[in-house]
Amino acid sequence: MKNSKFKLLVAAALAGVSAFLVPTLASAEVIFLGFDTQGPVQQYTTTGTFLGNFGQSGATGSALDGAGHAWTVAPAFGNNTIQKYNAAQTVLNTFTATISGQWVEDMAYGGFVGSDETLWLSTFEGSVFRVNANTGAVISSFAPGLGQFLGIAYDGTDLWLTGGAFQGNTDISRYSTTGALLSSFDTKITGAGGIGYSLDTNTLWVGYFGTVRQFNLSGTELSSFTAGSPFHDGLEIGDLQRQQVPEPASLALLGIGLA
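Residues numbered from 1 in each chain as written. Predicted model: local features only at pLDDT ≥ 70, side-chain atom pairs only at ≥ 80, totals over all residues. Heavy atoms only, no water.

Draft legend 1. How the structure looks around the side chain of Thr203. Structurally, Thr203 can be placed in strand 17 (residues 203-207). For Thr203, the contacting residues outside a window of four places in its chain are Gly196, Tyr197, Ser198, Gln214, Phe215, Asn216, Leu217 and Leu222. (Helix = DSSP H or I, 4+ residues; strand = E, 2+ residues; numbered from the N terminus. Contact = heavy atoms within 4.5 Å.)

Draft legend 2. Summary view of the nonpolar core. In terms of nonpolar packing, the biggest core is built from 15 residues, with Trp71, Ile82, Ile99, Met107, Leu119 and Leu121 touching the most fellow members. Sorting the residues of this core by element identifies strand 5 (69-74), strand 7 (91-97), strand 8 (104-113), strand 9 (116-123) and strand 10 (128-132) as the ones contributing at least two each. The element contributing the most residues to this core is strand 8, with three residues. Listed in part, the twelve residues of the second largest apolar core include Ile172, Ile195, Leu204 and Phe215. (Core = buried A, V, L, I, M, F, W, Y, C linked by side-chain atoms within 4.5 Å. Buried < 20%, exposed > 50% of the residue type's maximum accessible area, 1.4 Å probe, protein only.)

Draft legend 3. Layout of the packing of aromatic side chains. Overall, the coordinates contain 17 aromatic pairs when judged by the stated rule. Here the aromatic rings of Phe166 and Phe209 are separated by 5.6 Å at their centres, their planes lie at 55°, and the arrangement is tilted. Here Phe166 is found in the loop between strand 13 (159-162) and strand 14 (171-175), whereas its partner Phe209 is found in strand 18 (residues 209-215), with 43 residues between them in sequence. By relative accessible area, Phe209 is classed as partly exposed at 45%. Three or more aromatic residues link up through ring pairs in this structure, and these residues are Phe124, Phe149, Phe166, Phe209 and Phe231. The ring of Tyr208 has Arg213 lying over it, and the distance from NZ or CZ to the ring centre is 5.1 Å. (Phe/Tyr/Trp six-rings, centres within 6.5 Å; stacked < 30°, edge-to-face > 60°. Lys NZ or Arg CZ within 6 Å of the ring centre and 35° of its normal.)

Draft legend 4. Layout of the environment of Asn86. Counting through the fold element by element, Asn86 comes out in strand 6 (residues 80-86). A relative accessible area of 23% means that Asn86 is categorised as partly exposed. Residue contacts for Asn86: discarding those within four places in its chain leaves Phe54, Gly68 and Leu92. Reaching out from Asn86, the side chain makes a polar contact with the backbone nitrogen of Ala88 at a distance of 3.0 Å. (Polar contact = N/O pair within 3.5 Å; in protein donor to acceptor, adjacent residues only side chain to side chain.)

Draft legend 5. Structural detail: the pattern of salt bridges. Enumeration over the complete set of coordinates arrives at five salt bridges. Two residues, Asp155 and Arg174, come together in a salt bridge whose shortest N-O distance is 3.7 Å. Of this pair, Asp155 sits in the loop between strand 12 (151-154) and strand 13 while Arg174 sits in strand 14, placing them 19 residues apart in sequence. Close ionic contact of Asp158 with Arg174 constitutes a salt bridge, the shortest N to O distance being 3.1 Å. One end of the pair, Asp158, is in the loop between strand 12 and strand 13; the other, Arg174, is in strand 14, and 16 residues separate them in sequence. By relative accessible area, which is 11% here, Asp158 ends up buried. (Salt bridge = Lys/Arg side-chain N within 4 Å of Asp/Glu carboxyl O.)

Honestly, it's all geometry; don't read function into it.
Okay, structure coming up:
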């Protein structure tokens, strides 16, 4: 009898651990779309259904940390106002990113550098900056030479950039976080603006003039939808909240507890 009870307890505990290990999604991925400073960032489903506005007016790029926080940027040359929100759109912080007097077009969440939480910013002038996500202080920067109107996405390891929207560049390029070109593919479509990386589908979403397109990482277009006529200079895709896989140390402690 004791042995049977023990087996049941272990089975129940292991089932709980299995459920804990699965990185479940709190909600479907949502596209946060910029409209060339003509209003707040707008939210869409991946099939093109409008969900509503998010954050400050006059915004372009946005970023999500997957832990219930979002950032949007209202750009100006040397006076880029970045605001941080919770899922209810309550403003948690406001700061200015000066970044050498440049105009921010797109953003992506950059994780941590040491103790600094970071954002990736791409600019009209064609530069990339990594900044502190709470103060705007510059941590690093590089100029990829892709032309003006840079869009930026971060897949957790590498950066994906558009650029040269009005110079005829149709490439999407992959860079290391230190600015080394790793690869690129030609979409054969001009006018690319904001770009976002989908963790759920391992694909890229790119904003154009009134159109949003989805590509696989080899450059094949998978889907698209229309969303107004302005230039979509900022784009992010993801969940505001995503359950994380527990750290190995936490698993070890849990295993000790089971034993």
